[in-house]
Amino acid sequence: MWRSIRPWVFWPTFTVLMAAVLCSYVNLPLLLSTTKQLNALILNTFSWLFSLGSLYLLVLAVAVYFSPLGKIRIGGENATPLLSKWRWFSITLCTTLAVGVLFWTTAEPLYHLYSPPESLGISANSTDARLFAMSTMFLHWSFTPYAIYTVPALVFALAFYNRRLTFSISSMLRPLFRNDMPAWLINLVDAIALFALVAGMASSLGTGALTLSGGASQYIGGDTSPLRLAVIIAIIVATFVLSAASGLHKGISRLSAINAWLLAFVGVFVFVCGPTLYMLNLGTEAFGQYLDHFFTRSLFTGAAGHDEWPHWWSIFYWAIWFAWAPISALFLGKIARGYTVREFIMINLVLPALFATVWICVFSSASLYFDEMLHGALNSVLNDKGVEHVLYSLFEQMPASSLMIALLLFVAYISYVTAADSNTDAIGNLCTHGLDASSDLNAGMPMKVLWGTIVGIVSWVMVSFVGIDGVKMLSNLGGLPAMFIILLTSLSLWKWLKEPESLRHAAPLQGENRTSAMATSSLHARATVSNQPAG
């Protein structure tokens, strides 16, 4: 395994993460203060670029969909699909949705209802605040974040399968360098993206473990302890590592299909048993406001009114989505072979965003409804117990609440596993030499075990002993360089928009031997364009 590792990608990320854990244990206040100041500096300095950049990617995705490039097949004219459309969609949905949408779609609207932006003149807990809360959920969780994932994933898919470049984030930039990108820049780009995702996975795993521990306490009692967290994290890590190691067509595909059906079942249950007419009416009205104020809210930085709300929410979200997008792009691009660019955008942007929109209409509306009916009870739960308990409190208002809360715990567990195993798969591949479109794209069990263990240790130490805020802010710091990487990769897409026919046939690898040469191509191998499809 060690001979196959890309040292300038693996070791810098590993060293920085271990140093962060050590610093947080030795002097947590200093680490939190430093990362908090860096986060504030980034958000204050680049809030305009985060806002413009996220909107730009959505507009670009729409333009590509309706352009001649939309007809190009990923992998060339003769490429066969790697997955069926249902499996493709379920994996994509679960990779991007993850466990956060379960809990934040019930908790976040309460924040916006009771603490709307001061500069917009919206009174807390008013009709306007209710509409603002719902419309903001559509902004934060539907089309814009999926565009941030979709554009770099599409660039990688075309670079990897049609231009036959290596399995790395830097491959998305190599068309800008005439495929002659400096080795140091290749390693730097991949290491930055790797750090952002691993830190993000660690913070997400820690949050997920706290959530599952809180839910389990309702059945087995007791408080959340380091031992209980260690057991939960170990189970989750073991599951997603084994799933990732079993390959795309077994673990990842099957778990994602199960998760997608369970999410659909939970959504239908709440829609039928909850305030159905209220969901339909408020969801429709709020979606209209979302469309009406889309450009204004997308570019809201708070500068005119010295309002910090955008930094706490919208721009903070854009930074998180940007931080996760480069590595997610590797996996989303990898599974897209055999489909057209237009189908890619439909599966990765349009359909998941529509699913999220329906989910928000159901869960966010239900949260606002029961909070009003119970005279602010859900908001009290949010403030007293935390984000994860709002969803459990909401389900206590439903029939068969004990059974459904147990199902929620299982869904939350599967949701995290299905997102983590795809990212672990991409991380392992990124750290491995010589993977290309002719490879089986499996970095092997040892690499995935190694990274799964690293993520588990970091998250357990932070959440059990020193708090998770430090690693959360460290992952957010990756949003700035990741944003620059993604915006630069979009230039490759503009280049292909001008000459889509150059991608119609997959290019052969230089020195191609259809067997051994393709399997052993180095990181610096150059792809050449051919008018003949690769076999």
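Residues numbered from 1 in each chain as written. Predicted model: local features only at pLDDT ≥ 70, side-chain atom pairs only at ≥ 80, totals over all residues. Heavy atoms only, no water.

A.B. asks: Would you explain the packing of helix α4 (residues 100–114) against helix α16 (residues 387–395) in this entry?
C.D. replies: Axes are the key here: two packed helices are described by the angle between their axes and the distance separating the axes. Look at α4 against α16: their axes get within 8 Å of each other, and the N-to-C directions meet at 100°. Accordingly, the angle class assigned to the pair α4 and α16 is roughly perpendicular. Across the interface between the two elements, L102, F103, W104, T106, A107, L110 and Y111 from α4 touch V387, E388, V390, L391, Y392 and L394 from α16. For the contact of α4 with α16, a count of residues per class yields eleven nonpolar, one polar and one charged. (Axes fitted to C-alpha atoms, helices over the stretch in contact; angles between N-to-C directions. Helix = DSSP H or I, 4+ residues; strand = E, 2+ residues; numbered from the N terminus. Parallel < 35°, antiparallel > 145°, perpendicular 65-115°, else oblique. Contact = heavy atoms within 4.5 Å. Nonpolar A, V, L, I, M, F, W, Y, C, P; charged D, E, K, R; others polar.)

A.B. asks: Please explain the pattern of salt bridges as it appears in this structure.
C.D. replies: Working definition: two side chains of opposite charge can pair if their charged atoms are close together. For the structure on display, the rule yields five salt bridges. The residue R6 makes a salt bridge to D190 at a minimum N-O spacing of 2.7 Å. Taken together, the residues R6 in the segment before α1 (7–26) and D190 in helix α7 (residues 183–220) connect sequence positions 184 residues apart. For R6, a relative accessible area of 3% translates into the label buried. By relative accessible area, D190 is classed as buried at 0%. With a shortest N-O distance of 3.3 Å, R504 and E77 are connected by a salt bridge. A residue pair is termed long-range when its members are at least 10 positions apart, and R504 in the loop between α20 (479–498) and α21 (516–519) and E77 in the loop between α2 (28–65) and α3 (85–97) qualify at 427 residues. For E77, a relative accessible area of 37% gives the class partly exposed. Linked through salt bridges whose partners overlap, the residues forming this network are E77, E501 and R504. (Salt bridge = Lys/Arg side-chain N within 4 Å of Asp/Glu carboxyl O. Buried < 20%, exposed > 50% of the residue type's maximum accessible area, 1.4 Å probe, protein only.)

A.B. asks: For this particular structure, what's the right way to read unusual backbone geometry?
C.D. replies: What is expected of a backbone is that most residues other than glycine have negative phi and most peptide bonds are trans. Non-glycine residue N125 carries a positive phi angle of around 55°. Secondary-structure assignment places N125 in the loop between α4 and α5 (127–141). Despite not being glycine, R164 shows a phi value in the positive range, around 60°. Residue R164 is classed as buried on the basis of its relative accessible area of 11%.

A.B. asks: Could you clarify how one ought to interpret a nonpolar patch on the surface in this entry?
C.D. replies: On the surface, L176, F177, L488, L491 and W494 cluster together into a nonpolar patch covering about 420 Å² of accessible area. Along the chain, L488 falls in helix α20. In this structure L488 comes out as partly exposed when scored by relative accessible area, which is 42%. (Patch = residues over 30% accessible without salt bridge, like charges linked within 9 Å, V, L, I, M, F, W, Y side chains within 5 Å. Areas by Shrake-Rupley, 256 points an atom, 1.4 Å probe, with all protein chains shown as cover.)

A.B. asks: Which parts of the structure should I look at to understand the side chain of S492?
C.D. replies: Tracing the backbone shows S492 in helix α20. Residue classification places S492 among the buried positions, given a relative accessible area of 0%. Separated by 2.7 Å, the side chain of S492 and the backbone oxygen of M172 make a polar contact. The contact partners of S492, leaving out residues within four places of it in the chain, are V155, M172, L173, P175 and L176. (Polar contact = N/O pair within 3.5 Å; in protein donor to acceptor, adjacent residues only side chain to side chain.)

A.B. asks: How should the nonpolar core be read in this particular structure?
C.D. replies: When a protein is soluble and globular, its nonpolar side chains tend to lie buried together. Core analysis: the biggest nonpolar cluster contains 176 residues, and F50, I327, F395 and L493 have the highest contact counts within it. Beyond its immediate chain neighbours, meaning those up to four positions away, L493 contacts L60, V64, L69, V151, L154, V155 and L158. (Core = buried A, V, L, I, M, F, W, Y, C linked by side-chain atoms within 4.5 Å.)

A.B. asks: Explain the packing of α4 against α5 here, please?
C.D. replies: Running from N to C, α4 and α5 point in directions that differ by 145°, and their axes come no closer than 8 Å. Crossing handedness for the pair α4 and α5: right-handed. Residues G100, V101, W104, T105, E108, P109, H112 and L113 of α4 lie in contact with α5, whose contacting residues are A129, R130, F132, A133, T136, M137, H140 and W141. Of the residues in the contact of α4 with α5, the class split is nine nonpolar, five polar and two charged. (Left-handed = near helix turned anticlockwise from the far one by under 90°.)

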